[in-house]
Amino acid sequence: MKFTKMHGCGNDYVYVNCFEETVDNPSEVAKYVSDRHFGIGSDGLILIKPSDVADFEMEMYNADGSRGEMCGNGIRCVGKYVYDYHLTDKTQISVETLAGIKYLNLLVEDKKVSRVRVNMGAPILEADQIPTTFEGSSVIDQPMTVAGKEYRVTCVSMGNPHCVIFLDEDITDLDLEKIGPEFEHHARFPKRVNTEFVNRIDDTHLRMRVWERGSGETWACGTGTCATVVAAILNGLTQNEVEVELLGGTLKIEWDREKNLVYMTGPAVVVFDGECVLP
């Protein structure tokens, strides 16, 4: 199987061009290639496929083999791949995902895509649609007890569920390997949840770490960054345009409140091309 290793702010995936390759069991392949000791090493697997409703389809799998609805860093890399590898010559494309069709503007420098601006769509704030079992129509700054400790949480879906927590303590010191799974598998979230732990720097800057369902802590999460900025605005912590510092880099997020659309801009990088023999 031929593949390309790519990352967006350190959130790395193995990408397969399914215009040329066939992947028969993507869930098992995702687990194999994601292993950082015995495989290629990644946060998951992304298949780039033909689509009947958009320019391309992105089929995304987490490191544990579970199917993901959407990946913000992943979709930026899809945009770079299809342009740089000559599957399209357009700089405005549409990509089908389980979270709907997303629209990308490809920012080209020296005939290569350097950054991608993605229309991530409208945030979902209705509690039952995120989904979560919290009572009420939305979950904004609500108390939640996890492993015996109370947190204040705000829940947002960007096509996949997110639980955002703003903390005064330095997130650098958090033991995410311990507390991340407690959030991911909490009974409040019937489809599990991605959890963002956030420090506010000022009203245009945030710092974030993320525990992603099915993958653990990753260096960045595009949908999580969008959800975090929406949550920050809802809690009166930031303006509508925010830069978010992640372990792997910085993303710029804008929530256009008038149109109710969230835009994400960030880098996409090719690491290497390769070929592997699947077991």
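See the structure shown above.
The model shown is predicted, which means the values in this text are computed figures rather than measured ones.

S.K.: I'm lost on empty space enclosed by the protein in this one. Help?
M.R.: The gaps of empty space that remain are located by a probe, the size of a water molecule, rolled over the atoms. Taken as a whole, this structure holds one cavity of 30 Å³ or more when the rule is applied. A volume near 70 Å³ is recorded for the largest cavity. Around the largest cavity, the lining residues are Met60, Asn62, Gly68, Glu69, Met70, Cys71, Asn160, Asn194, Glu212 and Arg213. For the lining of the largest cavity, the residue count by class is three nonpolar, four polar and three charged.

S.K.: What's the story with the side chain of Asn160 in this structure? I'm lost.
M.R.: If you trace the backbone, Asn160 turns up in the loop between β10 (149-157) and β11 (161-166). What makes Asn160 buried here is its relative accessible area of 5%. A polar atom in the side chain of Asn160 sits 3.3 Å from the side chain of Thr223. The residues touching Asn160, leaving out its near neighbours within four places in the chain, are Glu69, Met70, Asn194, Arg213 and Thr223.

S.K.: Which parts of the structure should I look at to understand the side chain of Arg76?
M.R.: Tracing the backbone shows Arg76 in helix α2 (residues 72-84). For the buried Arg76, no salt bridge exists, and the shortest N-O distance to an oppositely charged side chain is 11 Å, to Glu212. Reaching out from Arg76, the side chain makes a polar contact with the side chain of Asn73 at a distance of 2.8 Å. Residues contacting Arg76, with those up to four places away along its chain left out, are Gly8, Cys9, Val116, Val118, Leu251, Met264, Gly266, Pro267 and Ala268.

S.K.: Which parts of the structure should I look at to understand the layout of surface pockets?
M.R.: A volume near 190 Å³ is recorded for the largest pocket. Lining the largest pocket are 13 residues; nearest its centre among them are Phe166, Leu167, Asp168, Val198 and Leu237. For the lining of the largest pocket, the secondary structure elements donating two or more residues are β10, β11 and β12 (194-202). Along the lines of polarity and charge, the residues of the lining of the largest pocket split into six nonpolar, three polar and four charged. By volume, the second largest pocket amounts to about 160 Å³. Along the wall of the second largest pocket there are 13 residues; nearest its centre are Lys2, Thr4, Asn17, Glu20 and Tyr81. Of all the elements in the fold, those that place two or more residues in the lining of the second largest pocket are β1 (2-8), β2 (11-17) and β18 (269-275). For the lining of the second largest pocket, the per-class residue count stands at six nonpolar, three polar and four charged.

S.K.: I would appreciate a short explanation of the packing of aromatic side chains in the present structure.
M.R.: Two aromatic rings, taken as a pair, are described by how far apart their centres are and by the angle between their planes. Tallied over the entire structure, the rule returns six aromatic pairs. Each ring, one from Tyr81 and one from Tyr85, has its centre 4.2 Å from the other, and the planes form 10°; the classification is stacked. You can call Tyr81 buried: its relative accessible area is 7%. Judged by relative accessible area, which is 28%, Tyr85 ranks as partly exposed. For Arg117, the ring lying beneath its charged end belongs to Tyr263, and the centroid distance is 4.1 Å.

S.K.: What is the right way to look at helix α3 (residues 176-184) in this model?
M.R.: Given 3.6 residues to a turn, an α-helix orients residues that are three or four positions apart in the same direction. The set of residues buried in α3 consists of Leu176, Ile179, Gly180, Phe183 and Glu184. Along the axis of α3, the buried positions cluster into a sector of 140°, meaning they face one direction only. Opposite its buried face, α3 presents the exposed residues Glu177 and Lys178, each directed more than 90 degrees away. Residues of α3 that are buried sit in contact with β9 (142-146), β10, β11, β12, β13 (205-212) and β14 (216-218).

Basis of the calculations
- Residues numbered from 1 in each chain as written.
- Predicted model: local features only at pLDDT ≥ 70, side-chain atom pairs only at ≥ 80, totals over all residues.
- Heavy atoms only, no water.
- 1 Å grid on protein atoms, 1.4 Å probe; cavity = no way out; pocket = protein on both sides within 12 Å on 5 of 7 lines; lining within 4 Å.
- Points joined across faces, edges and corners; volume = space filled by probe spheres on them.
- Nonpolar A, V, L, I, M, F, W, Y, C, P; charged D, E, K, R; others polar.
- Helix = DSSP H or I, 4+ residues; strand = E, 2+ residues; numbered from the N terminus.
- Buried < 20%, exposed > 50% of the residue type's maximum accessible area, 1.4 Å probe, protein only.
- Polar contact = N/O pair within 3.5 Å; in protein donor to acceptor, adjacent residues only side chain to side chain.
- Contact = heavy atoms within 4.5 Å.
- Lys, Arg positive; Asp, Glu negative; His and termini not counted.
- Salt bridge = Lys/Arg side-chain N within 4 Å of Asp/Glu carboxyl O.
- Phe/Tyr/Trp six-rings, centres within 6.5 Å; stacked < 30°, edge-to-face > 60°.
- Lys NZ or Arg CZ within 6 Å of the ring centre and 35° of its normal.
- Arc of directions from axis to C-beta.

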